[in-house]
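# Examination of the molecular architecture
Listed below are the residues making up each chain.
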Amino acid sequence: MDDARETTVTAPPRTVGILGAGRVGAALARACRAAGLEATVASSTDDPAAACAADVVVLAIPLGRYRTLPADLLRGRLVVDAMNYWWELDGARPDLDDPTTSTSETVQAFLAGARVVKAFGHASVWELENLGRPAGHPERRGLAVAGDDAADRAAVAALVDALGFDPVDAGPLAAGVAFEPPTEIFGSDATAAEIRAMLERFPRSQRGRVVARAREEA
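The sections below set out a description of the structure shown in this document. Nothing here was measured: the structure is a model prediction, and the numbers come from that model.

### A closer look at helix H1 (residues 23-34)
When the terminal C-alpha atoms of H1 are compared, their 16 Å separation across 12 residues agrees well with the 16 Å that a helix rising 1.5 Å per residue should span. When H1 is considered as a whole, its buried residues turn out to be Gly25, Ala27, Leu28, Ala29, Ala31 and Cys32. Elements that come into contact with the buried residues of H1 comprise strand S1 (15-19), strand S2 (38-42), strand S3 (56-59), helix H6 (125-130) and helix H7 (150-162). Backbone geometry just after H1 places Gly36 at a positive phi near 85°.

### Section: the packing of aromatic side chains
Counted under the stated rule, the structure contains 2 aromatic pairs. Pairing Tyr66 with Phe110 gives two aromatic rings, centres 5.6 Å apart and planes at 85°, and the pair type is edge-to-face. Of this pair, Tyr66 sits in the loop between S3 and helix H3 (71-74) while Phe110 is found in helix H5 (residues 103-110), placing the two residues 44 residues apart along the sequence. By relative accessible area, Tyr66 is classed as buried at 1%. The interplanar angle of 65° and the centroid separation of 5.4 Å between the aromatic rings of Trp86 and Phe186 together place this pair among those described as edge-to-face. One end of the pair, Trp86, is in the loop between strand S4 (78-81) and helix H4 (87-90); the other, Phe186, is in the loop between strand S7 (166-171) and helix H8 (192-201), with 100 residues separating them in the sequence.

What counts, and at which threshold
- Residues numbered from 1 in each chain as written.
- Predicted model: local features only at pLDDT ≥ 70, side-chain atom pairs only at ≥ 80, totals over all residues.
- Heavy atoms only, no water.
- Helix = DSSP H or I, 4+ residues; strand = E, 2+ residues; numbered from the N terminus.
- Expected span 1.5 Å × (residues − 1).
- Buried < 20%, exposed > 50% of the residue type's maximum accessible area, 1.4 Å probe, protein only.
- Contact = heavy atoms within 4.5 Å.
- Phe/Tyr/Trp six-rings, centres within 6.5 Å; stacked < 30°, edge-to-face > 60°.

Structural data, given as structure tokens:
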């Protein structure tokens, strides 16, 4: 986690599909449209085909329902995991509460052939709706990005930047555990510099020690 680095920002995607029409999905759709990007939202009762055909597809459904995602439609697609595990909503789920893996790695294993990157999930809805700022603004907030492919991280970083936030490269998908609930980063509405410092501190945190010990014993 301590090798986090800034992501190279490229051109943002032109189209964004969002699976999930709840608060997070709706907030991201509004932010995309405000940034001049085309956003297609699919709720659980909609045909997801159009959303899944976008340049980037954001997963914004409750994580406990990840097995309802249209895996065939997402094969080969760049997919952003903005989902979180809440035992209060999802119930006790050993598959989602396993410290040897991140929840995004669990999603990646289910979505065979998709290119999963974790982002947006640690931001509050209020942050997504109210704290987007132009590049260089002194109060611009940061958003962490984790994924196994550098080019995919850069593409998602471009989307983060377009929506008014500084992308922070957290490294591989496994590193996404550092900004799942209940970590220091989650819900912090922090700047990029603060997020980088939190990523560096994560291995020394209680959750970081639990994760490290579990992965060593696995």
